[in-house]
Structures are given as structure tokens and as C-alpha cells.
Amino acid sequence: MNKLKATAVGALALCSTLVMATSPARAADWPADKPIRLIVPYPAGGNSDVIGRVFARKLGDALHQSVVVENRPGAGGSIGAAFAAKAEPDGYTLLLGDIATHAINRLSMPNLAYDAQADFTPVSRLTSISLLLVANSKYQFKSARDFIAYAKAHPGKMTYATGGYGTPSQLAMEMLSGIAGLEMLQIPYKGSAPALTDVVAGQVDVMIDGAATPLVKAGKLDLLAVTADRSPAFPDTPTLSESGVSGYRFVSWHGVFAPKGTPQPVVEKLAQEFHRAAQAPEVQKQFQALGIGLDTQYGPAFASFIADQRQSIEALVKERGLKLAP
């Protein structure tokens, strides 16, 4: 009982402080009882880790306290997400979630240890990422139209790599196959890195993925199109919709979530600071080089975006009869 009472008093104190913290000048009023933990449910070194560390640093600067990135990888982000879901809802534990943790995993993992809707409060969307459609250079495709025409002329002959079953790379390519009428064989890998390595080597023909930017810039893969809005790293590369695939749009993203029950003033203050961080010129420059678009969205708009994407992905899985697990 004493522990519950202490927790309640601490939460009320945090709420009171944050209600007053409505301007940058009051950012230092965030109670510095302990470090804020940002759970990144993926290994160090990947895009999610980079995004988490950039925003953690900016949040720490704004609040004048430590914000620690804690990597808890495994099972498509579900291990870290489940850990964050069970944390105390006091504003000191946050999750860097994404399209996998909050839109895909529930379809690919029947025994998921968390409920993305019931266990979390959306704080702020951070990114909007167009994945890259890339091909091995041996084909010398000049555009997505060239690739689609070739694939249609050779049904069942071309292969596409994915980072595994139930990943954005699988869903994005299956959406393209469904709209464009392609028949290709999926070659699943344990992660994007080995998949892209084999596309470069010519073991697999094509792939849609968000981690291909360095390989494209190095001239090791041909970039044919992007899946949503034009990439800040490749502004001259058209989208698949612009390339004649009418109605095609696939967006990957990252966002911050708090355990359900986190006081609303805490959530609002965090959303405010993440939005401010995304406007910083040095953050925009860094993410532009990585091909990562910034799109802060919070409150009902962010929740609605996730709900719409969950519905869209579920419809795609049913329509294509997709297998999202080995």
C-alpha cells in the first residue's frame, strides 16, 4: 500500500510540474528524480537506434536531465515493446515504436506479449520513411517501369529479398505485386543487412527496404523508385505511384509511446519537446542524409494514423493470403 501511495504521489507531483512547464524556459522543471529511459526494441547501430539516440539527446538537453537509450532487441521489436508496456506509467519509461511493433506484429505473432492499442498511449510520431525499391545492377533497369515490365514478362522467375516474414520489406513488395500483377518468389532473411548483401551479390534480384541508402549512394545497387513520398536523400527518384503504379503508397515510420496510464500533462509535454527537436536544423540535416523524413504528429491524429495503417495492412494480408511467420 505504501508503495502504491508513493507512486501516486510521485505521478501527481510530475503532473503538477508539467502543467506549469508550458514554455522552453520552464523545461528545467521536469523532475530529475531518475533518468528517463527510451527503450529501442532493436540492436544498436540500425536506423531505429540512430533515431532514438538523436531524439534522446535533444530531449535530455531540453529537460536538463539524463535520457538513456536502452536497447532491448528481439522478435521483431516485440521484446522491447512488451518490456515498455509493463513499465510504471510515470513518464520515465518511453518506447521508440514503429510500424512493426504497432501495426504488423499483432498479425504475425499470435502470442504477442503486449497489446499495442490497450497497453500504450501514443506520444508523438517522429518519422515518415519511404522505403527504396532497389535491384541488382546486372539487370540495368533504368526505372520501376522497366523492372515491372521485365517481371511481368518472366512470371515466377524473379526473386525478392526481405528482412524476414512479417517485415515491412515483405509487405511493401507484396503490395506492389498485388497492384502491378507480379509473380515473384520471396527469399526471407534474418534481417535487412544479409538480405541486401545478397541483392548486391546477385543471389537475389530485387528488394524494397529502408536500409539500402548507403548501398545506393555507393553505387552497389540501382534505385528504381520509393514507396511513399520522395526521399530527402534521393529527391530526383520518383515514387512508385509516379511510376505508374496507381494507388501505391507504403509508409514506414517511428514514434514514441508511453505506457498506458501515463498522466496526460506528461504526454503533452513530451510531445511538445519531440516536435521542437524535429525542427532543429542539425536534426533535419542528419536525417536528410539518411533518407529519413521527419513528421511529428501527436494526439488523436497520430492514433488515427496508426489505426488506419493497421486496417490497411490487415486487408493486404487477407487479400494476398500472406504468410507472416516461418
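Since the structure is predicted, the reported quantities are computational estimates derived from the model, not experimental observations. (Residues numbered from 1 in each chain as written. Predicted model: local features only at pLDDT ≥ 70, side-chain atom pairs only at ≥ 80, totals over all residues. Heavy atoms only, no water.)

## Examining the environment of R53
Logical step 1: Inspection of the secondary structure puts R53 in helix α2 (residues 47–63).
Logical step 2: The class for R53 is partly exposed, based on a relative accessible area of 36%.
Logical step 3: Residues R53 and K190, spaced 137 residues apart in sequence, show a C-alpha to C-alpha distance of 24 Å.
Logical step 4: Among residues more than four places away in sequence, those in contact with R53 are V69 and N71. (Helix = DSSP H or I, 4+ residues; strand = E, 2+ residues; numbered from the N terminus. Buried < 20%, exposed > 50% of the residue type's maximum accessible area, 1.4 Å probe, protein only. Contact = heavy atoms within 4.5 Å.)

## Some details on the sheet that holds strand β7 (residues 185–188)
Logical step 1: Pairing in this open sheet of five strands is mixed, and the strands run β7-β6-β8-β5-β9 from one edge to the other. On the outer flanks of this sheet lie β7 and β9 (222–226), each paired with one strand and no other. Neighbour-to-neighbour, the strand axes of the sheet open up by a mean angle of 30°, direction not taken into account.
Logical step 2: Of the pairings in the sheet, the one linking strand β6 (residues 159–162) to β7 comprises four bridges and is parallel in character. When the bridges of β7 are listed, T162 appears paired with P188.
Logical step 3: With respect to the sheet, helix α5 (residues 144–153) is in contact with β5 (132–135), β8 (206–209) and β9, its orientation differing from that of β9 by roughly 95°.
Logical step 4: Relative to β8, helix α6 (residues 168–180) is tilted by about 115°, and along the sheet it contacts β5, β6, β7 and β8. (Pairing = 2+ DSSP bridges. Axes fitted to C-alpha atoms, helices over the stretch in contact; angles between N-to-C directions.)

## Some thoughts on the packing of α6 against helix α11 (residues 300–320)
Logical step 1: Where α6 contacts α11, the axes come no closer than 11 Å and their chain directions differ by 60°. In terms of their interaxial angle, α6 and α11 are classed as oblique. Where α6 crosses over α11, the handedness of that crossing is left-handed. Facing α6, whose interface residues are L171, E174, M175, S177 and G178, α11 presents I313, L316, V317 and R320. (Parallel < 35°, antiparallel > 145°, perpendicular 65-115°, else oblique. Left-handed = near helix turned anticlockwise from the far one by under 90°.)

## Things to note about the domain arrangement of the protein
Logical step 1: By domain assignment, the protein separates into domain 1 (36–129 + 251–320) and domain 2 (132–243).
Logical step 2: When each unit is reduced to the centre of its C-alpha atoms, the spacing between domain 1 and domain 2 is 26 Å.
Logical step 3: Every contact between the two is made by 16 residues of domain 1 and, on the other side, 17 residues of domain 2.
Logical step 4: Looking only at domain 1, the three residues that lose the most surface to domain 2 are I104, L316 and R320, adding up to 37% of its buried area.
Logical step 5: Between the two partners, domain 1 and domain 2, sit one salt bridge.
Logical step 6: In this structure, the salt-bridge partner of R320 is E174, at a minimum N-O distance of 2.9 Å.
Logical step 7: Across the contact surface, domain 1 and domain 2 share two residue pairs in polar contact (both at pLDDT 80 or more).
Logical step 8: Listing elements by their share of the side of domain 1 that touches domain 2, those giving two or more residues are α4 (99–108), α10 (281–290) and α11.
Logical step 9: With four residues, α11 is the largest single contributor of residues to the side of domain 1 that touches domain 2.
Logical step 10: Looking at side-chain class alone, the side of domain 1 that touches domain 2 contains nine nonpolar, six polar and one charged residues. (Domains from an automatic or database assignment. Buried area = accessible area lost by both parts, 1.4 Å probe. Salt bridge = Lys/Arg side-chain N within 4 Å of Asp/Glu carboxyl O. Polar contact = N/O pair within 3.5 Å; in protein donor to acceptor, adjacent residues only side chain to side chain. Nonpolar A, V, L, I, M, F, W, Y, C, P; charged D, E, K, R; others polar.)

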